[in-house]
Every structure is written in structure tokens, then in C-alpha cells.
There are 2 protein chains.
Amino acid sequence: MEKWRAADRLLKFSSRFASAVNWNNSCKSKQGKYFYSVATTVHRNPLFSSISPDDISYFKTILGERGVVQDALALDAANTDWMGKYRGSSKLLLQPKNTEEVSQILKYCNSRCLAVVPQGGNTGLVGGSVPVFDEVIINVGLMRNILSFDKVSGVLVCEAGCILENLISFLDDEGFIMPLDLGAKGSCQIGGNVSTNAGGLRLLRYGSLHGSVLGLEAVLANGTVLDMLGTLRKDNTGYDLKHLFIGSEGSLGIVTKVSILTPPKLSSVNIAFLACEDYTSCQKLLLEAKKKLGGILSAFEFLDSDAMSLVLKHLDGVRNPLPPSIHNFYILIETTGSNETFDKENLEAFLLHSVESGLVANGVLAQDINQASSFWHIREGLPEALMKAGAVYKYDLSLPLEKMYDLVEEMRVQIGPAAKVVAYGHLGDGNLHLNISAPAYDDNILAKIEPFVYEWTSKNRGSISAEHGLGLMKAAKIHYSKSPETVRLMIDFDYCVFELLPDTSCLDDNHSIICLCLSA
Amino acid sequence: MEKWRAADRLLKFSSRFASAVNWNNSCKSKQGKYFYSVATTVHRNPLFSSISPDDISYFKTILGERGVVQDALALDAANTDWMGKYRGSSKLLLQPKNTEEVSQILKYCNSRCLAVVPQGGNTGLVGGSVPVFDEVIINVGLMRNILSFDKVSGVLVCEAGCILENLISFLDDEGFIMPLDLGAKGSCQIGGNVSTNAGGLRLLRYGSLHGSVLGLEAVLANGTVLDMLGTLRKDNTGYDLKHLFIGSEGSLGIVTKVSILTPPKLSSVNIAFLACEDYTSCQKLLLEAKKKLGGILSAFEFLDSDAMSLVLKHLDGVRNPLPPSIHNFYILIETTGSNETFDKENLEAFLLHSVESGLVANGVLAQDINQASSFWHIREGLPEALMKAGAVYKYDLSLPLEKMYDLVEEMRVQIGPAAKVVAYGHLGDGNLHLNISAPAYDDNILAKIEPFVYEWTSKNRGSISAEHGLGLMKAAKIHYSKSPETVRLMIDFDYCVFELLPDTSCLDDNHSIICLCLSA
């Protein structure tokens, strides 16, 4: 009971935007392909103002004509998330060019009780990067300067709107890499990456952004600029507040600058594709890989036989790398090191030993870049294959490694023959991508999946959102992964930040501005 | 001006314990050897109660006779920090055996307005682990169970009172290591390590505790138990509150359990001792080492010529590893990897290249464990050598790498011939240990050091406490490293946690309990 009360309180944060429209229904009617989780019903908060001509004039004095966008086409794009699932009705998109402009915008919106939503590359998957109703969209995409790079320490300082791929290219020229890499790198922005604590492909090797982000600058809802833009690896002077902004999905403020530790680029990359006959062997192989490949292990991905069959069936040009049969499990191992000869010998010895000890049933080491790409393509092509196969219910979960595949097997029993359960993911990070693939969407199937999948995850101390965040989609489901006391403290902290507002008297217990989510 | 006002507000937190005794004076009169920073004057908060016989009886009902310590000898040890610099006058030491007992103690102290101080191994250096006045000492040393260890994921879950060295031994048997290692490992406890965000010798390789701590359980001042004890590498469901407790020095609550990611133990360790003629070469060497030694680089320590001379003069049995002359700078490089042959060849090739390119003037690779130990002894023996040399003013600073040694040189100009400026530290982490060594303590010397050292550090965006925390010693100096807005938000968060108290009416703006610092 207590649990639910805590969840109710959190819900208020998502429901500060009130409206006559039932968000959930309008969404489902628009397109039915993505309802892998039932969205929360929220109402527009009547305390929020609506945009007036005076507001527009004011914003133009701050940002100039160019920074105040009312064009229907541009607004339509900014109102819609990349899946086409979430859609707002904002009439105003603001494009600040620097922190001072962000601060002026927020200060003004705060004084006028105008709701805002921060936006980065708008590549998020949980309904956090677009308006729910008519919020002012603040897009930081024009803030895209690299401010400094120190080749000795590897510390990069840049503005929040820098596109991840541009940072990767910049660092490549300097002999460094970003500690994170994502499929969305061509569009997503570093401010959004930080705000959503993006995980991605390099987490196994370089850890999460909590480890590599050294500093942040953020603007609170009342316009206060928080300078936490340190560039130091060690700084034990008070609470490390930047961590609250990493993964808070823009709800505490807008990240405007980022300082991040980048590792040197290493020259030698090797990839192996292996087959295991049971999940226990996959786990043991991971343990062995961590021991034997030590510092060079950079990816440990897995897929099951249903995933492999799906890829072979639906993706053009993909061939079974370990013919003729389909094995129960496949593992993709990548190593990244500094010595071509040794790294390859090391991986070869590891593979030989794994085959001899019976952990691995079969395996192959990529002989060139084309073969390496074809192995990665099998793993990375899975979302596309799933879309081609029909309807798909998608879940992004963290689970204790030893229990991860139990969920997949129990889900198969739970669902029966009506749908296929397809599993893959970042095994090295304990991150399962659980997909239920069916010929068509069916409420009976959904009823078998939810809340079962969340309850199972909760019971086994997993996380219902490994790397995507809560957004609008899962805000009310936080209690499955966090204790009521923790959720209450989050809410109190949230109030705490907003109580810095100079004028809260008119706001009841709905804060004047909620920066719902700065999505990648 | 604003800066100072913010600092004043923080001071209130340290001064919640009020007393007739002037802490600073009583401290200085007791011993003069450690006044490397002037302590803050604080007064006992008259709102706090004093211990009554009824309180003692109540605690005995919770903890039994054994858990309620009033013995003078035991109290003297618990009241005094390990340097003998900070000394409280507590009349009561409580030793809970589990989280529930910690919760009951805090709930009761809160209702009775009894001030408390959490204590771990009491090895802290900044006056945070002992009472200032007569606070109830809560020592978690009896909470020393290892709760679980997962050999596949490497996740260790244990109670806060586990001694670091015991965890290291436990993991060694399992083929893993702790991601942190400290000189104080024989006494310090993991709860204290986490609460002070201890840095130590492995940070360069394994990062800070913000990266490796996966979960925490903590008890707030009102007895609320916060279960944040996740064991997942990825969990993006709301604010990651555990980060506030990492490095908050016990001021938000008492850490009772820790979940931590441990890396596999690697078999091959190699150590080189090198000489450089200028600081620029040291920096370039670090960059090269990061590139060429890739994933196996595990330590990059430096000392200057004054440091080497001091060690050779004052430590018995130490010989110059690169005779006959003294070079301007020395670098100790350690690599840790999984392949004996390759790692050694790799380090040898790196050294050869560094000598050929002129970065390194001379160097030697340890041929056996004894030689390796002798190299480490030079670096680790520096604090002892400094103590033997006379009076020493010690500063633990983080600075941008390129400016780090500028401070040392400017300090030499600032101080003149009255004292020697000795520099060493974790160059790979940007952590400088700056020591001013003089024949005897002298207020004229101190006046030349402070506030110069703090102002210089602040001007160059450094940190006045790299790894030791603020404690009582530097609480009022936080503004040198954090912006006024950030400090204000810390204070608001602190209030926020304490506003969870069920009964705050009697407390004015002094919170009922302040868990000042759970030191390692």
C-alpha cells in the first residue's frame, strides 16, 4: 500500500502538464505498433499559463528572430519522438545559443508559469524528449562548441548540444575515443546522453557516465546556473551533486556543458563469434573472458537461438557464421588493445581453451574487417529483424546475471505458443533486451506480459529500465525498481530544487516548471 | 561577497555541536604538530540534549550490555583521531550489530535531540570520524559480514563495518580484487571508504567509487532505512541517490551495506622507476603511457628531487635506484595484466622508446619482487621521511595536470629559504601531495602558505581536498572549490533529508541530528 502511495506522488511530476486530452488514448489511436508498455494517463496542470504574443516578443528580444521557431513543419518534428509514438502540441520551439540564454528563458518561463521541456537530439525511447501538451520546447542543438581538450589528461569540455558522433570524430583526430558509443550517435547529443545516463556499447569496458563525467554545468528551473564544471578526477569537497543530474532526465534542470574523461584510442580490435549450448556456459565464459582477457575485453554480447533464427530469416545477406546447425546461444566477444599480435594470440588461446574445456561448442575469429562487421551486423540487426517479423513488445531490463535467462524461459511458459520470446543483449553488463514477437498486436498477449515482466524483474532485484530511463512511459512504474523510501527522497529532492524558485506562492504543490526530460 | 555568505551557511552544519570549549584553541594547545590548516571554531548547539541514565537504559534494551560502551579507555580511543589531532568528549559509544539496531538508535536519538557521530575505522585525516563535543559515537565495526559474492559478475555485497584488508583477502581467494586499496587498509572500513569516497592507489586503473559502487543501504537521521542496495551495472529508474551518500562524509546518513563491482585479479605485475629532467616530460610520459600501455597501466606516481633527497636522507636502507646523481623528477610506473611475457616486453619497449625519444633520462625495470618493493617504498615512505625531517604542512590537492607543478614552483618563491617545498603524488590522477617541510612550526610560514595555497587552487579550478574530504578541518573552506550556487543546493539537499524527520518543531533551523562524518 505504502508502495503505491509513493508511486502516486511521483506520478504528480509526470502529470504537471494537464490537458483535456487523454494522452494514452490519443497515442494508441494514432499508431498501434509500439505499445510495449501502457502509457500513463496524465492531465495538463491548469496552473500553467499558455503562450501569449507578449511572451513571443520577449523571447525574440533574448534570442533574436532565428531562435524563436513557430514554423508548423519545424514544430511538428520537434513535437514528435523518433518512433512516432509520443506527440505533443507545443506552439513554440526556442533555440538558445549559450548558457546565459538558457538561464534567461527559464527565469522568464518560471515567472510566467510556462511549462517547458528540454530537448536534445530527440532520440529517446520513453517519451521524455517531446512535449506532452503545449510546453515550450527548449532545444539546445545550437550549443555545439567544443570548449577545450587536454591531450594529457584526456579531459574534453564541450557544450550540451554537441552531437555524439562529432565528438567521436574530433577525438579520433586527437588519438582518443568517447567512453560511450550508441546506435543513435549521428543525432543524439552529449547533454541528452548525460541527462539520460546513456549506456551503449562501451559500458563493459569504460563504465557508466557516473564514472567518466567529471563535471557539468546545469541551469535550474529558476534560471540559476550551477557551475559544477570541474575537470578533476578527484574532488572530495561536499556532495557530488552532478550525479543527480546524470540520469535525472532533465527533471532537475537543463545540462548546458559537460566535462568528460576520454580514454586513448587503441589500435588493435579483434572479434570472435562463439556458440554455447546452455546459459550456464555463457556465464562461465564471461567469467573466463574477464580473467583471461583482462584489460582488453571490450564487448560481451549474447543472443539466443530464436534471435539467430529471426536474423537469418528476416535480414538480407546474413549467413550463419557457425553452420550448419543453430546453436542454443551465441556470444560475440570483442577485444580492444594496443598490441595487434599479442591481442590476437591472446584471444585465440582463450578460444582454444574454451573449446577444449567444453564451454564453447564452436567458434570463429574474424579474419578481416568485413567478417568483423558481419558478426556485429547479426547482433545490431536484431531490432530491424524483429520489426520485419511482425508485432513486437520490447523490454529493456537489468537483471542479476545468474537469473537473467530464467525470465526468458518463464516468459515462454507464460505466453505459450501465441508468440515467440526472443532474447539478446549486453550480457557483460547484465542488460537483457527481451522481445516478444507476435504476428499482430493482441491485448491478450500484452496481458500475459505485463505486469508479469515488471513483477518478475522487481522480485529479482532487477531494473525495469536498464539504460533508457523512465520518461513518460515508465514514470509510474518506478516502484518496481526503487523502494518507497527512496522514491520519497527523490520527490523531496525534486521539491528541494524547485523551492529555490523566487516565487512559488502561486504554484500549490505543482512546481512552476518541470524540465521533464532532456533526451539524447 | 556572495561566496562568503554561502560559506557561512555551510558553517552552520559543522557548528551544530555547540560548546563552551573553543575547539580550535583546545586543539592547538594539545599538540602543535599537525596544524597544516587552521580548524574552524564551532560551538555546541544548545538545542542538543545530554545523555541521561534513561537513555543508557534504553540503548541497553536495544543493543544489550555489550553494545553500550562507557568504559573510559575505550571512549578515549573512540574520541581521538589517529593523528591525535582531533579529540571529542563523548561519554557513550554504541556498537550496533545490524541495520535495524542502527535505525533504532537513530530514531531514538532523533526523538531525544541527541547529537550523534558515525564512526568506522577512525582513520580519517580531516576531523570527521570523532566527536567534536559529547556526541553519541555510533561505531559500525561489529557489522562485518560478507553477505554475498557473485563470481560471474564480480559483485560483492557486505556490511559497512567490513575492514578493507579483510575484503581484499576474501576476494583474493576468489580470484578477484577490490577496486580500491589504501595505506590504511588494515583498519579502515568499507562503509567509511564509501562515505568519504576514498581514492587510493587503484583509482587510475579502476576509477572512483562513484563508478564501482553499485548500491548502498543507508539509514537517515530519523531511522528511515534507504534500500538502494542494487547489484546491477545499469539501472536508469529515477535519480541515482546513492551518489549523494558517496563522499558526503556521513552527513546525510549512516551507510550500513555496500554493493561493489570487483575486477578479476590479474597475474602479471611489473614496475619501472624512471627519471625525467622536466615536468613537461613527466606529462608527455603519462600521455605516452596511457597510449602505449593501454589497459595494463595501473599506477603512475611522481616525486620531485626534493622528495627523493628527503627519502634518501631520512629513511633507513633506501638507496638511489638511478645513481649517481639526483634527477629533477622521478616516475613510478606499474602495469597489471594477464600475460607475464607480453606485459614485460610491452613495458620494456615503452621504456626503450621513452629513453630514445628523450622523455626519460634514465630508468630501471624491477627484476624481482624485492626490487619492486624497494621502488614502492621510496614513494610510500615519503610521509614518514617528512615527519622525520621536522615540522610539515601537508596539503592534498587536485589540480589540472598542466598546472600542477606551477603551484610547487610558485610556493617555493612565496616561502623563500625558510622551508623546503616537497612535491609528490598520484600524477596519473592529477592528485598532488604538497608538503612544506621546515625545521619547526612557525606562524610566519603558515601565513605564507594559507590562504595562498587555497586561493591558487581555486583560481586554477582545482580541489582543496582531492581524496580526504572536508570534515571539520575544511568545511568552511568549501567555497574555494565549489560555486556559491552549488554550496547552497548542498545545504538545501541537507535540509531536505532532515525535513523527513517526523518531529522538527523543536529544532529551529538546527537539525536534530547531524551525522557529521563516517570516516574510513
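Residues numbered from 1 in each chain as written. Chains lettered and ligands numbered in written order. Predicted model: local features only at pLDDT ≥ 70, side-chain atom pairs only at ≥ 80, totals over all residues. Heavy atoms only, no water.

A. Focus on the overall build of chain A. Counting secondary structure elements, chain A contains 20 helices and 16 strands. Counting the 520 residues in chain A, one finds 65% classified as buried. In chain A, the share of contacts with a sequence separation of at least 24, taken over all contacts with a separation of at least 6, comes to 75%. (Helix = DSSP H or I, 4+ residues; strand = E, 2+ residues; numbered from the N terminus. Buried < 20%, exposed > 50% of the residue type's maximum accessible area, 1.4 Å probe, protein only. Contact = heavy atoms within 4.5 Å.)

B. Structural detail: the sheet that holds strand E8 (residues 225–228) of chain A. Residues and elements named next belong to chain A. Across the sheet, which stays open at both edges, the five strands sit in the order E5-E6-E9-E7-E8 with antiparallel pairing between neighbours. Both edges of this open sheet fall to strand E5 (146–150) and E8, since each of them pairs with a single strand only. Neighbouring strand axes in the sheet, compared pairwise and without regard to direction, differ in orientation by 10 degrees on average. (Pairing = 2+ DSSP bridges. Axes fitted to C-alpha atoms, helices over the stretch in contact; angles between N-to-C directions.)

C. The sheet that holds strand E3 (residues 116–119) of chain A, seen in detail. Residues and elements named next belong to chain A. Spatial ordering of the open sheet is given by E1-E2-E4-E3, a layout of four strands whose pairing is mixed. Each end of this open sheet is capped by a strand with a single partner; those strands are strand E1 (68–69) and E3. With two bridges joining them, strand E2 (residues 93–94) and strand E4 (residues 136–139) adopt parallel strand pairing. Bridge pairing in E4 places Leu 94 opposite Ile 138.

D. Geometry of the UniProt feature "domain: FAD-binding PCMH-type" (unreviewed entry) in chain A. The UniProt record marks residues 86–265 of chain A with the feature "domain: FAD-binding PCMH-type" (unreviewed entry), using the residue numbering of this structure. A distance of 38 Å separates the end C-alpha atoms of residues 86–265 of chain A, which is 24% helix and 22% strand. (UniProt positions renumbered as here; feature names shortened; annotations may be inferred.)

E. Up close: the relation of the copies chain A and chain B. Once chain A has been moved 0.0 Å along the axis and rotated by 180 degrees, it coincides with chain B to within an RMSD of 0.0 Å. Seen this way, the second copy is the image of the first under a two-fold rotation axis. Taken together, the interface assignments show that 100% of the residues at the interface of chain A recur at the interface of chain B, consistent with an identical surface on both copies. (Least-squares fit on C-alpha atoms with pLDDT ≥ 70 in both.)

F. Main features of the interface of chain A and chain B. In this complex, chain A contributes 87 residues to the contact, which on the side of chain B involves 87 residues. Sorting the residues of chain A by area buried against chain B places Lys 234, Asn 236 and Tyr 239 of chain A first, and these three jointly supply 14% of that buried surface. Linking chain A with chain B are eight salt bridges, by the criterion used here. Put simply, Lys 234 of chain B and Asp 429 of chain A hold a salt bridge, and the shortest N to O gap is 3.6 Å. Counting the contacts that link chain A with chain B gives 35 residue pairs in polar contact (both at pLDDT 80 or more). (Buried area = accessible area lost by both parts, 1.4 Å probe. Salt bridge = Lys/Arg side-chain N within 4 Å of Asp/Glu carboxyl O. Polar contact = N/O pair within 3.5 Å; in protein donor to acceptor, adjacent residues only side chain to side chain.)

G. Inspection of the side chain of Lys 482 of chain B at higher detail. Within the fold, Lys 482 of chain B resides in the loop between helix H19 (471–474) and helix H20 (484–498). Overall, the relative accessible area of 13% leaves Lys 482 of chain B in the buried class. At 2.8 Å, the side chain of Lys 482 of chain B forms a polar contact with the backbone oxygen of Thr 237 of chain A. Residues within four places of Lys 482 of chain B in sequence aside, it is in contact with Asp 235, Thr 237, Gly 238 and Tyr 239 of chain A together with Val 487 and Met 490 of chain B.

H. How the structure looks around the environment of Gly 250 of chain B. Residues and elements named next belong to chain B. Within the secondary structure, Gly 250 is located in the loop between helix H10 (242–245) and strand E9 (254–261). Owing to a relative accessible area of 1%, Gly 250 belongs among the buried residues under this scheme. C-alpha separation for the pair Gly 250 and Gln 119, spaced 131 residues apart in sequence, amounts to 8.9 Å.

I. Spotlight on the pairing of E4 of chain A. All names here are of chain A. Here E4 shows no split at all, with Val 136 and Ile 138 on one side and Ile 137 and Asn 139 on the other all buried. Pairing analysis gives four bridges linking E3 to E4, with the strands arranged parallel. Bridge pairing in E4 links Gln 119 to Asn 139.

J. A look at the state of the cysteines. All names here are of chain A. Across all of its chains, the model carries zero disulfides over all chains by this definition. Take Cys 162: it sits in no disulfide, and the sulfur closest to it among the cysteines is that of Cys 158, at 4.2 Å. Its relative accessible area of 3% is what places Cys 162 among the buried residues. (Disulfide = S-S within 2.5 Å.)

K. Fine view of the environment of Glu 288 of chain A. Residue and element names in this part refer to chain A. Topologically, Glu 288 is positioned in helix H11 (residues 279–292). Separated by 28 residues in sequence, Glu 288 and Ile 260 place their C-alpha atoms 31 Å apart. Ignoring any residue separated from it by four or fewer positions in sequence, one finds Glu 288 in contact with Leu 293, Phe 350, His 353 and Leu 359.

L. Structural detail: the nonpolar core. Within the largest apolar cluster, 101 residues are counted, with the highest numbers of intra-cluster contacts made by Phe 59, Met 178 and Ile 190 of chain A together with Met 178 and Ile 190 of chain B. When residues no more than four places from it in sequence are discounted, the contact partners of Ile 190 of chain A are Cys 158, Glu 159, Ala 160, Cys 162, Leu 167, Met 178, Leu 180, Val 258 and Ile 260 of chain A. (Core = buried A, V, L, I, M, F, W, Y, C linked by side-chain atoms within 4.5 Å.)

M. Structural detail: the packing of H11 of chain A against helix H13 (residues 340–356) of chain A. All names here are of chain A. For the pair H11 and H13, the least separation of the axes is 11 Å and the interaxial angle reads 145 degrees. Here H11 and H13 pass one another in a crossing that is right-handed. Contact with H11, carried on its side by Leu 285, Glu 288, Ala 289 and Lys 292, involves Asn 346, Phe 350, His 353 and Ser 354 of H13 and no other residues of that element. (Left-handed = near helix turned anticlockwise from the far one by under 90°.)

N. Highlighting unusual backbone geometry. All names here are of chain B. Here the bond from Pro 323 into Pro 324 is cis, since omega is 5 degrees, no more than 30 degrees from zero. The topology assignment puts Pro 324 in the loop between helix H12 (305–314) and strand E12 (329–337). Between Glu 450 and the following residue, Pro 451, the backbone shows a cis peptide bond with an omega angle of 5 degrees. Mapping Pro 451 onto the fold places it in the loop between helix H17 (443–449) and helix H18 (452–459).

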